[in-house]
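Next come the chains, spelled out residue by residue.
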Number of protein chains: 4
Amino acid sequence: MTATVVTPPTTDPVRENALPDVYDRVESEVRSYCRNWPATMASARGSWMTDTSGRQYLDFFAGAGALNYGHNNPVLKAPLIDYLSQDSIVHSLDMATAAKTEFLETFERLILRPRSLDYKVQFPGPTGANAVESALKLARKVTGRESIINFTNAFHGMTLGALSVTGNSMKRAGAGIPLVHATPMPYDNYFGGITEDFHWFERVLDDSGGGLNHPAAVIVETVQGEGGLNVARMEWLRALAELCQRRDILLIVDDVQMGCGRTGAFFSFEEAGIVPDIVTLSKSISGYGLPMALTLFRRDLDVWAPGEHNGTFRGHNPAFVTATKALETYWKSATFAENTAAKGQHVRDRLESIAAAHEGISARGRGMAQGLKCEEKDLAAAICATAFERGVLMETSGPSDEVIKLLPPLTTSTEDLDAGLDILAEAVATTVS
Amino acid sequence: MTATVVTPPTTDPVRENALPDVYDRVESEVRSYCRNWPATMASARGSWMTDTSGRQYLDFFAGAGALNYGHNNPVLKAPLIDYLSQDSIVHSLDMATAAKTEFLETFERLILRPRSLDYKVQFPGPTGANAVESALKLARKVTGRESIINFTNAFHGMTLGALSVTGNSMKRAGAGIPLVHATPMPYDNYFGGITEDFHWFERVLDDSGGGLNHPAAVIVETVQGEGGLNVARMEWLRALAELCQRRDILLIVDDVQMGCGRTGAFFSFEEAGIVPDIVTLSKSISGYGLPMALTLFRRDLDVWAPGEHNGTFRGHNPAFVTATKALETYWKSATFAENTAAKGQHVRDRLESIAAAHEGISARGRGMAQGLKCEEKDLAAAICATAFERGVLMETSGPSDEVIKLLPPLTTSTEDLDAGLDILAEAVATTVS
Amino acid sequence: MTATVVTPPTTDPVRENALPDVYDRVESEVRSYCRNWPATMASARGSWMTDTSGRQYLDFFAGAGALNYGHNNPVLKAPLIDYLSQDSIVHSLDMATAAKTEFLETFERLILRPRSLDYKVQFPGPTGANAVESALKLARKVTGRESIINFTNAFHGMTLGALSVTGNSMKRAGAGIPLVHATPMPYDNYFGGITEDFHWFERVLDDSGGGLNHPAAVIVETVQGEGGLNVARMEWLRALAELCQRRDILLIVDDVQMGCGRTGAFFSFEEAGIVPDIVTLSKSISGYGLPMALTLFRRDLDVWAPGEHNGTFRGHNPAFVTATKALETYWKSATFAENTAAKGQHVRDRLESIAAAHEGISARGRGMAQGLKCEEKDLAAAICATAFERGVLMETSGPSDEVIKLLPPLTTSTEDLDAGLDILAEAVATTVS
Amino acid sequence: MTATVVTPPTTDPVRENALPDVYDRVESEVRSYCRNWPATMASARGSWMTDTSGRQYLDFFAGAGALNYGHNNPVLKAPLIDYLSQDSIVHSLDMATAAKTEFLETFERLILRPRSLDYKVQFPGPTGANAVESALKLARKVTGRESIINFTNAFHGMTLGALSVTGNSMKRAGAGIPLVHATPMPYDNYFGGITEDFHWFERVLDDSGGGLNHPAAVIVETVQGEGGLNVARMEWLRALAELCQRRDILLIVDDVQMGCGRTGAFFSFEEAGIVPDIVTLSKSISGYGLPMALTLFRRDLDVWAPGEHNGTFRGHNPAFVTATKALETYWKSATFAENTAAKGQHVRDRLESIAAAHEGISARGRGMAQGLKCEEKDLAAAICATAFERGVLMETSGPSDEVIKLLPPLTTSTEDLDAGLDILAEAVATTVS
């Protein structure tokens, strides 16, 4: 899974990488990543992607967190190809299948039981947004309330329910209708540590004249990836969980991006010692970049009627196969989580060095979700563009795209991490000066 | 793709088929198909599925229309396995990839151009609901209006936007909030032919005192699959398209279930000679049961800002590979569509015979979406249960589950169609008497 | 209360009537009646108003129905001036007062008991919109549902709740937010008698896939005054009441404009023999044009918590005084109602004659709410303008202002009615030719 | 306007004051003040009310601020009775009348011009809620945005639009639908002075990922009467006005309760030196307790179409007559405002003395809106009950009814103020001990 470090291209990279005409001609203007990374990708292995011209890229974005175990991980690939070759079930709605049985048993055995999580599992459809939509619907159905608390700079998806709890104003404007039923509260450290936690939230909840509709649920990310790698402190998460319990509000942790080991442990909330009422998982749950999502919730919240929430692609069995294998491979012991933590620390140390050398740049993140915040406008994007020219895929995040977000596959070797970070360091140095 | 006709099982079918305990213990109560079809499926080919005990089932449901070309179609399977074996790109967000380029070029060449459809293509996420959500968002953004007209017994999906235009009251109740911004109008033939088309809709639109917020769009299925195989007449669809044009309302055809050849032509609206402003596709677009969806719209409606609607699984490349191969295989000539029409007629003739023999049962449908409507309460479900025992998978639909809906793979042989219809005829005869 | 018939002014009427500058300079552009009737009114008695230049007008509008007993009716004026002179209570919130006690006892004795109406009485604030708002709130609170059915061309008021059940598109646009939670249904005779009553409404209610949120209530006017003098047939009202009862939907009759004797009986729904669950009254309830409103509802629906709906001007005692006196004067026997019916018939006969003489003009209305519908665009307004020049105040109504609406005080003498109708006849003849 | 100080009743006060049966039998359970003050009021003069048994009460509530010039003020009564006696216009919709002309000219001359307020005047209907509804509609129409910022413990009225920006949870629950489009922000001093002003509000506005729909307007009371006599500091109001200007948000000051001289100056915001974009007035604007309201707004915001917001009781001419006389009497010079300030200071001094003598009781308020906050649960209500028994009408306010709110007529003599405050002091002493 390693490769020689890429040599910067000698010719104009944009010209070389120009996309086939069909994108301009036929694909909607809504397309975005292909604009920043104007290359046509052909193959990939581990942390490396190769475009149609044979150029290689070190992937520090990992499908926005959907490829925690790398591209085409051979450990998962083998059973996937076996499964398909044998004409096993590919599509099954929510029928029982051998692959689904094995996934459920494995998930129960390796994930739920060892963590004493008495959750039921829903297959809400194959995307994180499906999981969020089902979580919100369930919370509203259980409580009979309609209002949801979300947080500043939250990102939960693009369907109407998920979008209503998302912060980004450009994406919200896309709804075309007023997005209601959600009230934003300040995320941890929103005021730079000056204001006490939940000062405002708890006060307004307490106040019968506060004007806040009593919420069905709070939805929170432990680390806001899209929002700019904002990291909630463990004590803040614990205080939030306690507040929810005291006030009879359900706590939904959206672990779509930060779950499946991104921060170390399987669930990103484990470190805080909290047990959410509802959890959403997607992105890396299949392990192979195949569409799949789960909604988990306390057994007593399982008030769904049969078929009350459904969808055509809830039974994507190839994803169950790779998901099962990923659990067996990486989550039988603590080793993988420990390695992730160690790699994350290494990345952080390197980022701190870069930050130390440049005023207005600071490191941030948790586990293997790390990045650099650039005070200067447009600097983060310029650094990412330079890094792309030098063969590393990195994206910006944050309300003003001010944060360089690194989400390398968790399986990336230290050598590759260092290679990418070297290029990042150069890109920073080049761009800043 | 044929098989010997199944022998009815000799032992108690329910006992034999009892599902593994893990479903009861871990999967949410929301599960549904596995309740009616208590078998654990293991493999499948063409129109046949086989459970873990080796029993075979003739699949007349085809993943609710997601398997128009059958299970594990070998023509699609070969390039899929090749693609995966070569470590080609699996997951790519909306980056350009070789597989995506080929799909876009093929879709343009074989589908859009021959039909003179000047559409842009959006990858809205991998499900039909994603496509519907993006279609509604775009219609609202383009028009600056918020209201949508839907039809009685419409089904468009489970996310909040899609659910708001869906008719089913049980599923709507799952939202937990009042579903607003949509107003239902009567679907074609809702009053048994007594009332003139669009009598009410056009009158209330015309009336500045009508109290109807002027709609951004109308969303319609040409045949309502979930709604009970309600078939809109071609002249009704044409009149609807003309009404929308006259009133400056966008017309969205939701072709998620009826597109991709289910009614004969690639798009179900072709026969009516109309050109919708926006079209949604999903289910069988990948051809292999892999999650994939498209939103198509008139070039001048492409007002999306880059990234204004996004999602993790918009670039599911294995689905692009099978989708491209399916287009090349089945849509280069008119043969496949003609065969579907012929098979559909055959199925319809057989259903008419069954209906003729039983009072209170009538045939309905279009193309290869055919079925039987049973006046007697619970009769349709009882017939489906008997058919399952005899090895055929069929589902009910309609607001009272009063319609037996047949959606066999379009590739089903006439022999298999007849085998299944024989069993259906027996099941009807047995159950009615 | 009679007066000599006015002589048409000899000088330019617009110039003569030009309003003081302060209206242009200081009053909002939202002002409307003063634009059509550019006279500054100074005094009034019975059916006659006099402007500051001494010119007299026969008032066939009666404060949009707020002056059923005429201007400054001396029977009511005497106790009002007595009351005020004695320093009796003017403003009392919802405290008990002698005047309120007397009103409640009188209303119970003369209105509720003789009609066997076991209603509780709420003072919701002094306007019809207050009454409608409280009616909708109560219906939603009682049923736990949010959706309301209104009718095409309904008018219920300008506050957000009332506006959401109002049909007029210009007024709805003034809300500035999407008006939701209400679904319009066709009012009686909306399709010119071709379509069966409640065809669509009942069918969609019955259909669990109809997509209509089950309504808390239906709100209806027995005659739509603002909507164009649309008269519901008695059998339609009865069928509506039965439908509501069968489907467990509350029936709200908005009798703000048609109550208090406008159609003959005190309540406009009496003739139909129905008993609504909730009734709103305002406009003429005080009898003297003083702000006052009532919400009446079945005793068992009185689930309000103390103070759950309040308002500063619920206790406008001078209005209670005149209201009590009006009840004592006009509603102790059937005479007043009978006279109104007779006068209404007389007006109708004269209007039929006018209509018979002019193609494209037809008579419509019920009781003393009568008018002429003019097919030709802008004709109704032109006739009203001519009538104003000749000294009669009449207004247009209907979605295209196509109906001349006559709402003379019920106390107007036959001579004055004829004088006004003569002028109307001349205005029609002059304007049409 | 003075009277002998009342003697505490010698017999059981509740028995004596029991209300007539008709209240229980016929009036809705929603009635409230008559429960706390079980007396039937008969007449009133200045600050004194007399019940049907002849008992006198010192009115320190003044119609919740609707009687700033006292009951039946003889200065206003004379022209009112003259006006009515002469058969002048009582009800005129929004026609021009002599009384309206005079009011508009007087309001312009005595209120707008001296304060350099270039406002247009709208007559939105006769209640504060009508004024608030029209203000919200206009702000949304002008900006094209739907979201409104309100404040914790705000009170703006009971119609749906006004209720959506009101804080009280009991009253909000009465809506029966989710109240949306408004987001509460902390009012001044909500956190006891610990948190910087607008810390949260401005930060979340600035943040494109904050998740707050950009607001059309902020609606604020300078002193929250219903909310518990919360007084905003002048610098907070100025900072709010500046924030609104910087962010292109309209500022609505709801001066329904605190306007018309309650805090000293005619408008309560004058002291802060700010000029709101929109102002609502009602309650004491007529001066005599007659229903009347005004919406004032910057000339360039007058985008209303004629008739876009209307209502039957916009032209309540007797109220215009008393309103004009009140302006002429009290607002020609600064004397009245200065007297109010002095009386307010006197009341405050006495309240501070009472507070100083009792732990857990503190004084609060501004101008002649003053009160005592009682930490102990139910204490405020108990004190008010005792005061009622001793002949003084006072009400509680605040989210837990923890504040005794004094709103005496501004015309109350110092002797009467002292008499009432003596009784309050005794009531406090009696109840606390």
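Further up the page is the structure itself.
Presented here is an overview of the structure given in this document. Bear in mind that the values here come from a model prediction, so they are computed numbers and not experimental data. (Residues numbered from 1 in each chain as written. Chains lettered and ligands numbered in written order. Predicted model: local features only at pLDDT ≥ 70, side-chain atom pairs only at ≥ 80, totals over all residues. Heavy atoms only, no water.)

**Structural notes on the relation of the copies chain B and chain C**
This is how the line gets drawn: Alignment of copies: least-squares fit on C-alpha atoms of residues with pLDDT of at least 70 in both copies. Should any heavy atoms of two residues lie within 4.5 Å, those residues are considered in contact.
The transform that puts chain B on chain C rotates by 180 degrees and translates by 0.0 Å along the axis, for an RMSD of 0.0 Å. When the rotation and shift are considered jointly, the pair of chain copies conforms to a two-fold rotation axis. No C-alpha of chain B lies nearer the rotation axis than that of B:Val180, which sits 3.0 Å from it. Most of the interface of chain B is mirrored in chain C, where 100% of its interface residues again form contacts.

**Brief notes about helix α14 (residues 379-389) of chain D**
Heads up, the rule is: Working definition: with a 1.4 Å probe on protein chains only, accessible area under 20% of the residue-type maximum means buried, over 50% means exposed, and in between means partly exposed. In this description a helix means any DSSP run of H or I spanning at least four residues, a strand means any run of E spanning at least two, and both kinds are numbered starting from the N terminus.
The set of residues buried in α14(D) consists of D:Leu379, D:Ala380, D:Ile383, D:Cys384, D:Thr386, D:Ala387 and D:Phe388. Following α14(D) by one or two positions, D:Gly391 adopts a phi angle in the positive range, close to 95 degrees.

**Examining the interface of chain B and chain A**
Quick note on the threshold: Accessible area that two parts lose when put together, with a 1.4 Å probe and added across both, is what the buried area reports. Basic side-chain nitrogens of Lys or Arg form a salt bridge, by our definition, when they fall within 4 Å of a carboxyl oxygen of Asp or Glu. Whenever two N or O atoms come within 3.5 Å, that pair is a polar contact, provided that in protein one can donate a hydrogen and the other can accept it, and provided that, for residues adjacent in sequence, both atoms are side-chain atoms. The residue classification treats Ala, Val, Leu, Ile, Met, Phe, Trp, Tyr, Cys and Pro as nonpolar and Asp, Glu, Lys and Arg as charged. All others, Gly included, are polar.
At the interface, 104 residues of chain B touch 105 residues of chain A. Buried surface at the junction of chain B and chain A, summed over both partners, amounts to about 9000 Å²; 62% is from carbon and sulfur atoms. Taken together, the links from chain B to chain A amount to ten salt bridges. The shortest N-O distance in the salt bridge between B:Glu108 and A:Arg25 comes to 2.5 Å. Our count for the contact surface shared by chain B and chain A stands at 50 residue pairs in polar contact (both at pLDDT 80 or more). When grouped by side-chain class, the residues that make up the side of chain B that touches chain A number 49 nonpolar, 29 polar and 26 charged.

**With respect to the sheet that holds strand β2 (residues 48-51) of chain B**
Here is the rule: Pairing between strands is defined by DSSP: at least two bridges between them are needed.
Reading across the sheet, the five strands line up as β4(A)-β1(B)-β2(B)-β3(B)-β16(B) and stay open at both edges, with mixed pairing between neighbours. One side of each edge strand has no neighbouring strand; the edge strands of this open sheet are β4 (96-97) of chain A together with β16 (392-393) of chain B. Judged from the three bridges that link them, β2(B) and strand β3 (residues 56-59) of chain B form a sheet pairing that is antiparallel. Bridge pairing links B:Met49 to B:Tyr57 in β3(B).

**So, the environment of D:Val22**
Relative to the elements of secondary structure, D:Val22 occurs in helix α2 (residues 21-26). A relative accessible area of 1% means that D:Val22 is categorised as buried. D:Val22 sits 223 residues away from D:Gln245 along the chain, and the two C-alpha atoms are 53 Å apart. Leaving out residues up to four positions away in the same chain, D:Val22 has contacts with C:Thr101, C:Leu104, C:Glu105, C:Glu108 and D:Glu27.

**Section: the sheet that holds strand β7 (residues 182-185) of chain A**
All names here are of chain A. Selection criterion: Axis definition: a line fitted to C-alpha atoms, over the contacting stretch in the case of helices. Angles run 0 to 180 degrees between N-to-C directions.
With mixed pairing, the seven strands of this open sheet are ordered in space as β5-β13-β12-β11-β8-β6-β7. A strand with exactly one partner marks an edge of an open sheet, and here the two such strands are β5 (119-122) and β7. Going from strand to strand, the sheet's axes swing by 20 degrees on average, the running direction of each strand aside. Pairing analysis gives three bridges linking strand β6 (residues 147-151) to strand β8 (residues 215-220), with the strands arranged parallel. Along β8, the bridge assignment pairs Ile149 with Val218. In the packing of helix α10 (residues 199-206) onto the sheet, the strands contacted are β6, β7 and β8, and the crossing angle to β7 comes to about 135 degrees.

**A few points about the interface of chain B and chain C**
Each side of the interface is counted separately: chain B has 32 residues, and chain C has 32 residues. Carbon and sulfur atoms make up 54% of the area that chain B and chain C hide from each other, which totals about 2700 Å². Sorting the residues of chain B by area buried against chain C places B:Tyr190, B:Trp200 and B:Ser208 first, and these three jointly supply 23% of that buried surface. Taken together, the connections running from chain B to chain C amount to zero salt bridges. Summed over the shared surface of chain B and chain C, the number is 18 residue pairs in polar contact (both at pLDDT 80 or more). Those elements that place two or more of their residues in the side of chain B that touches chain C are α9 (169-173), β7 (182-185) and α10 (199-206) of chain B. Looking at the side of chain B that touches chain C element by element, the count peaks at four residues for α10(B).

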